[in-house]
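So the chains spell out like this:
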Amino acid sequence: MRVLVTGGTGYIGSTAVDTLLTQGFEISILDDCSTGHADSVPAGVSFTQGSLLNPVDIANALTGCEAVMHFAGKSLVGESVQKPDLYHSVNVDGTRNLLDQMHNAGIAQLVFSSSAATYGEPLETPIKENAPTKPTNPYGATKLAIDQMISAEAASRGIAAASLRYFNVAGALKSARGWLAERHNPETHLIPNVLRSTPENPVKIFGTDWPTPDGTCIRDYVHVIDLIDAHIKALHALKPGNHDIYNLGSGDGYSVKEVIAAASTAVGFEIPTTAAPRRDGDPAVLIADINKAKRALDWIPTRGIELMVADTLASLK
Ligand code: UFG
C-alpha cells in the first residue's frame, strides 16, 4: 500500500516515513519544508516539495496512494497567538484542500495528527476523548476545526478516518540514516531545551507556583516511536464512514522538575535551570486517558521518560 505522508520531512512525519518503509509500505511525501528538512527524505521515496494551499501539489502527491497520514501543519501554541490567520490558513484551509483532493482521487483513508490542545484547560484529569473541547489558543482551535471537518467528511462522503490527539511527543528514532529527532529553530520544547542547558544559558522553568506538588507544570510525554506505532495500528483499524478520535500519551504525568531530574541523571550532572514567569496559555496539568487507544487499537506505549531523554541526548551528540 502506498501512503501519502504530509509533513514527512518534519520530526514526527520523518519518523513515520522511516517506520512505514521498514514495515513494507510505499511512501509519498508532501511537504513545503517550512519547518521540516528535505535532507531527511530517504532514497526511493516520492517527494513533492509543495504546499497544502496548492491543490495541484496535493493532487500530484496523491498519485498512486491509497491512504494519507496527515502530519503537515503549524504547531506552535505561542506562534499561533501571534499569527492566528496563518494557522487558520495552513491548518484548516490546507486540510480542506487535502480532503477535496482525496475525494477527487478516490482516496478514502486518513489518519490525522490532532492535539491535546483541542481540550483546553481540563475540567477532569486524566482527559478522556469525550471531555469538553474548549481550546485556549488558535493552534488548538484549528486542530478542533479540522477534527470537526473530518467528522463531517466521514458522514457525508464516507471516508474512513482517525484523529490522534497527541499529548507531549518526545524522544527520537535511530534510523539507518542517523537520528530522526527534533530540529526546531527556535526550539520551544522542554526536553531538548533541558539537554541544551548551560550555566551561561540555563533552561527556563516557566512558573514554579503552579497548583501542583512541586509547583511546576505536569505533562504526559509519549515516545515518538510509540506514537507512530499507534498511527499504523489506527490505519489498519479504519472503517468506512467512521471518524474515531484517540488520545495518545503515556497515561502518566511528569512535572517540569521531574523531567529535569531525569535529564540530570542521564547526563550525570545537575542541569542548570532558572526560574521564569509562567508561559501564556500553559495549563497546569495535562494527562491523557489512553484506555480507548489501548482497547480499540491494541496499543501499549512501552518507552518511558528515561528512554525519551536518553534518545534525545544521543540524537544531539
Ligand atoms: N517548559 C519550560 N521550559 C522550556 C520549555 C517548556 O518550563 O524551555 C515547560 C512548559 O511551560 C510546559 C512544559 O515544559 O509546562 C512542556 O512544554 P513544551 O513546550 O515542551 O510542550 P507543550 O506542553 O507546551 O506543548 C506540546 C506541543 C503542542 C501540544 C501540546 C499538547 O508542543 O503542540 O503539547 O499537550 F498542543
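Procedures and definitions
- Residues numbered from 1 in each chain as written.
- Predicted model: local features only at pLDDT ≥ 70, side-chain atom pairs only at ≥ 80, totals over all residues.
- Heavy atoms only, no water.
- Axes fitted to C-alpha atoms, helices over the stretch in contact; angles between N-to-C directions.
- Helix = DSSP H or I, 4+ residues; strand = E, 2+ residues; numbered from the N terminus.
- Left-handed = near helix turned anticlockwise from the far one by under 90°.
- Contact = heavy atoms within 4.5 Å.
- Nonpolar A, V, L, I, M, F, W, Y, C, P; charged D, E, K, R; others polar.
- Pairing = 2+ DSSP bridges.
- 1 Å grid on protein atoms, 1.4 Å probe; cavity = no way out; pocket = protein on both sides within 12 Å on 5 of 7 lines; lining within 4 Å.
- Points joined across faces, edges and corners; volume = space filled by probe spheres on them.
- Polar contact = N/O pair within 3.5 Å; in protein donor to acceptor, adjacent residues only side chain to side chain.
- Domains from an automatic or database assignment.
- Buried area = accessible area lost by both parts, 1.4 Å probe.
- Salt bridge = Lys/Arg side-chain N within 4 Å of Asp/Glu carboxyl O.
- Expected span 1.5 Å × (residues − 1).
- Buried < 20%, exposed > 50% of the residue type's maximum accessible area, 1.4 Å probe, protein only.
- Phe/Tyr/Trp six-rings, centres within 6.5 Å; stacked < 30°, edge-to-face > 60°.
- Lys NZ or Arg CZ within 6 Å of the ring centre and 35° of its normal.

Asks: Where do I start with the packing of helix α1 (residues 11–22) against helix α7 (residues 224–237) in this structure?
Replies: It is the contact of α1 with α7, at a shortest axis distance of 10 Å, that shows an interaxial angle of 60°. Where α1 crosses over α7, the handedness of that crossing is right-handed. Contact residues: Tyr11, Ile12, Thr15, Ala16, Thr19 and Leu20 in α1; Val224, Leu227, Ile228 and Ile232 in α7. Residue composition of the contact of α1 with α7, by class: eight nonpolar, two polar and no charged.

Asks: Sorry if this is basic, but what is going on with the sheet that holds strand β5 (residues 109–115) here?
Replies: Across a sheet, paired strands are connected by hydrogen bonds in the backbone, their directions being either parallel or antiparallel. If you walk across this open sheet you meet the seven strands as β3-β2-β1-β4-β5-β6-β13, and the pairing is parallel. Only two strands of the sheet have a single partner each, and these edge strands are β3 (46–49) and β13 (243–248). Shown here is a sheet whose adjacent strand axes are inclined to one another by a mean of 15°, direction ignored. Sheet analysis places β5 next to strand β6 (residues 160–166), joined by seven bridges and oriented parallel. Bridging across to β6, Leu110 finds its partner in Ala161. Contacts between helix α5 (residues 138–157) and the sheet are confined to β5, β6 and β13, with β5 contributing the most and set at about 155° to the helix. Each of β1 (2–6), β4 (67–70), β5, β6 and β13 touches α7; the most contacted strand, β6, lies at about 160° to it.

Asks: Help me understand the layout of surface pockets, please; the structure alone is not making it clear to me.
Replies: To find leftover empty space, a probe the size of one water molecule is rolled over the atoms. Each pocket or cavity is described by its volume, and for the second largest pocket that value is around 220 Å³. As for the second largest pocket, its lining consists of Tyr119, Glu121, Pro122, Leu123, Glu124, Pro126, Ile127, Lys128, Asn130, Ala131, Pro132 and Lys134. For the lining of the second largest pocket, a count of residues per class yields seven nonpolar, one polar and four charged.

Asks: Please clarify how the side chain of His70 should be interpreted in this entry.
Replies: Locating His70 in the fold gives a position in strand β4. Within the structure, the side chain of His70 is placed 2.9 Å from the side chain of Thr95, a separation counted as a polar contact.

Asks: I tried to follow the domain arrangement of the protein chain on my own but got confused; where do I start?
Replies: Much of the literature gives interface size as the accessible area that the parts lose upon coming together. Here the protein chain is partitioned into domain 1 (2–170 + 222–247) and domain 2 (173–220 + 251–316). A separation of 23 Å is found between the C-alpha centroids of domain 1 and domain 2. Taken residue by residue, the interface counts 37 residues in domain 1 and 34 residues in domain 2. For the pair domain 1 and domain 2, the summed buried surface comes to about 3300 Å²; carbon and sulfur atoms form 59% of the total. When the buried area of domain 1 at its contact with domain 2 is split by residue, Tyr11, His223 and Asp226 rank highest and sum to 17% of it. Seen at the junction of domain 1 and domain 2, the total is four salt bridges. In this structure, Asp289 and Lys128 form a salt bridge, with 3.7 Å as the shortest nitrogen-oxygen distance. Summed over the shared surface of domain 1 and domain 2, the result is 13 residue pairs in polar contact (both at pLDDT 80 or more). Put simply, the parts of the chain that give the side of domain 1 that touches domain 2 at least two residues each are α1, β7 (168–170), β12 (221–223), α7 and β13. When residues in the side of domain 1 that touches domain 2 are grouped by element, the largest group, eight residues, is from α7. Class assignment of the residues belonging to the side of domain 1 that touches domain 2 gives a composition of 18 nonpolar, 11 polar and eight charged.

Asks: Please clarify how α1 should be interpreted in this entry.
Replies: Because each turn of an α-helix spans 3.6 residues, side chains separated by three or four positions in sequence point in the same direction. With 12 residues, α1 extends 17 Å from end C-alpha to end C-alpha; this agrees with the ideal 16 Å at 1.5 Å per step. Counting buried positions along α1 yields nine of 12 residues, so the element is predominantly enclosed. Here α1 has its buried residues at Tyr11, Ile12, Gly13, Ser14, Thr15, Ala16, Val17, Asp18 and Leu20. Directly after α1, the chain includes Gly24, whose backbone phi takes a positive value near 95°.

Asks: Just to check I follow, could you spell out the packing of aromatic side chains for this structure?
Replies: Within a pair of aromatic rings, the relevant descriptors are the distance that separates the centres and the angle that separates the planes. Overall, the coordinates contain one aromatic pair when judged by the stated rule. With 6.5 Å between their ring centres and 90° between their planes, Tyr87 and Tyr139 make a pair best called edge-to-face. Of this pair, Tyr87 sits in helix α4 (residues 84–105) while Tyr139 sits in helix α5, and the two are 52 residues apart along the sequence. For Tyr139, a relative accessible area of 9% puts it in the buried group. A cation over a ring is seen here: Arg278 above Trp210, with NZ or CZ 4.0 Å from the ring centre.

Asks: How do you make sense of α7 when you look at a structure like this?
Replies: For α7, built from 14 residues, the straight-helix expectation of 20 Å at 1.5 Å per residue is met to within 8% by its first-to-last C-alpha distance of 20 Å. Listed as buried for α7 are Val224, Asp226, Leu227, Ile228, Ala230, His231, Ile232, Ala234 and Leu235.

Asks: Explain the side chain of Asp18 here, please?
Replies: Assignment of secondary structure puts Asp18 in helix α1. Taking relative accessible area as the criterion, Asp18 reaches 13% and is therefore assigned buried. When residues no more than four places from it in sequence are discounted, the contact partners of Asp18 are Leu173, Ser175, Arg177 and Leu180.

Asks: Help me understand unusual backbone geometry in this model?
Replies: Most peptide bonds are trans, and most residues other than glycine sit at a negative phi. Cis peptide bonds are those with omega within 30 degrees of zero, and the linkage from Thr125 to Pro126 qualifies with -5°. Tracing the chain through its elements places Pro126 in the loop between β5 and α5. Cis geometry is found at the peptide bond from Asn185 to Pro186, where omega equals 5°. Among the structural elements, Pro186 can be located in the loop between β9 (178–180) and α6 (190–195). A positive phi angle, near 60°, is found at Cys33, a position not held by glycine. Following the sequence through the fold, Cys33 ends up in the loop between β2 (26–31) and β3. Even without glycine at this site, Asp298 takes up a positive phi of about 55°. For Asp298, the location among the structural elements is in the loop between α9 (291–297) and α10 (305–316).

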